[in-house]
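Structure assessment
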Amino acid sequence: MGTVVIKLGGAAITDKAKENTLSPNLDTLVDKVARIYQTQVLPQGRSMVLVHGTGTFGNIRTCWVTMAAHEPTNHGCHAKERGHIHRPALLPHHRERHTVPTSTMSTREPRIMELHSEVLRRLENHRARLPVFGLTANVNKTYHGEISAESRTQLIKRVRECLSRHLIPVIVGETAFDVALGTTIVSGDALMHVLATGLETRGPGPGPRV
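Everything quoted here is computed from the prediction, not taken from an experiment.

Structural notes on the sheet that holds strand E11 (residues 182-185)
Two pairing modes exist for strands in a sheet, parallel and antiparallel, and in both the strands are linked by backbone hydrogen bonds. In space, the four strands of this open sheet follow the order E8-E7-E10-E11, with mixed pairing throughout. Of all the strands in the sheet, the pair left with one neighbour each is strand E8 (146-147) and E11.

Brief notes about the side chain of Ser151
For Ser151, the location among the structural elements is in helix H4 (residues 149-164). A relative accessible area of 15% places Ser151 in the buried class. Here the side chain of Ser151 touches Ser148 through a polar contact of 3.0 Å, side chain to side chain. Beyond its immediate chain neighbours, meaning those up to four positions away, Ser151 contacts Asn138 and Val139.

Some details on the packing of H4 against helix H5 (residues 188-198)
Put simply, H4 and H5 touch, their axes get as near as 10 Å, and they point 70° apart. Here H5 runs roughly perpendicular to H4, going by the angle between their axes. Classified by chirality, the crossing of H5 by H4 is right-handed. Each of Arg152, Leu155, Ile156, Val159 and Arg160 in H4 lies in contact with H5, whose residues at this interface are Leu191, Val194, Leu195 and Gly198.

A word on the nonpolar core
Side chains that are nonpolar tend, in soluble globular proteins, to be buried together. Membership of the largest hydrophobic core comes to 21 residues, with the highest contact counts inside it found for Val33, Met48, Leu50, Leu123, Leu130, Val132 and Ile168. Those elements giving two or more residues to this core turn out to be strand E1 (3-8), helix H2 (26-41), strand E2 (47-52), helix H3 (105-125) and strand E9 (168-172). The leading source of residues in this core is H2, at six residues. Counting 19 residues, the second largest nonpolar core, distinct from the first, contains Val51, Ile147, Leu155 and Ile156.

Rules and cut-offs
Residues numbered from 1 in each chain as written. Predicted model: local features only at pLDDT ≥ 70, side-chain atom pairs only at ≥ 80, totals over all residues. Heavy atoms only, no water. Pairing = 2+ DSSP bridges. Helix = DSSP H or I, 4+ residues; strand = E, 2+ residues; numbered from the N terminus. Buried < 20%, exposed > 50% of the residue type's maximum accessible area, 1.4 Å probe, protein only. Polar contact = N/O pair within 3.5 Å; in protein donor to acceptor, adjacent residues only side chain to side chain. Contact = heavy atoms within 4.5 Å. Axes fitted to C-alpha atoms, helices over the stretch in contact; angles between N-to-C directions. Parallel < 35°, antiparallel > 145°, perpendicular 65-115°, else oblique. Left-handed = near helix turned anticlockwise from the far one by under 90°. Core = buried A, V, L, I, M, F, W, Y, C linked by side-chain atoms within 4.5 Å.

Spatial relationships are all this shows, so hold off on functional conclusions.
Laid out in structure tokens, this is it:
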């Protein structure tokens, strides 16, 4: 008994050379996931959890805006593919002004959900008829990339509920505000860490084991 957690990286499911484009190898990857589920997970009485990245669907463009002038500092506009958006260096005439990050995060979230829906559709429509159930991380705020204890607890609770119903949770990271770093995307690696520590072996008795 136990739980198998598999991460489908953003580089594997999207075309890294073209923004908002699925990888041509996505169906091959889905075939491999289905084969693992049918030949290893089910025969061994295990459960499975899937985590996938956002790839180019999660690209972020952020500009630092001065509170005083409310004008974008063009030198501070840059794209960041994944992870944290760090504050760029300010020009001398901006250093005395307080700055706050703004970004097109609101336009990224629908793109990420579009990717999530397509991954779910491919898994559902596979001939293996995988019993998948889509979940978002549901994390609105992080601190230095760390997911709060409350968010971790809620995610593990929802995953356990899916597993108790013999479903395969499919989880995607999402846009979030980082208290220390500005805007960010909750990465697949961060979610893997939460799952690995939250679904760890709990000793004899019912419950998932990793």
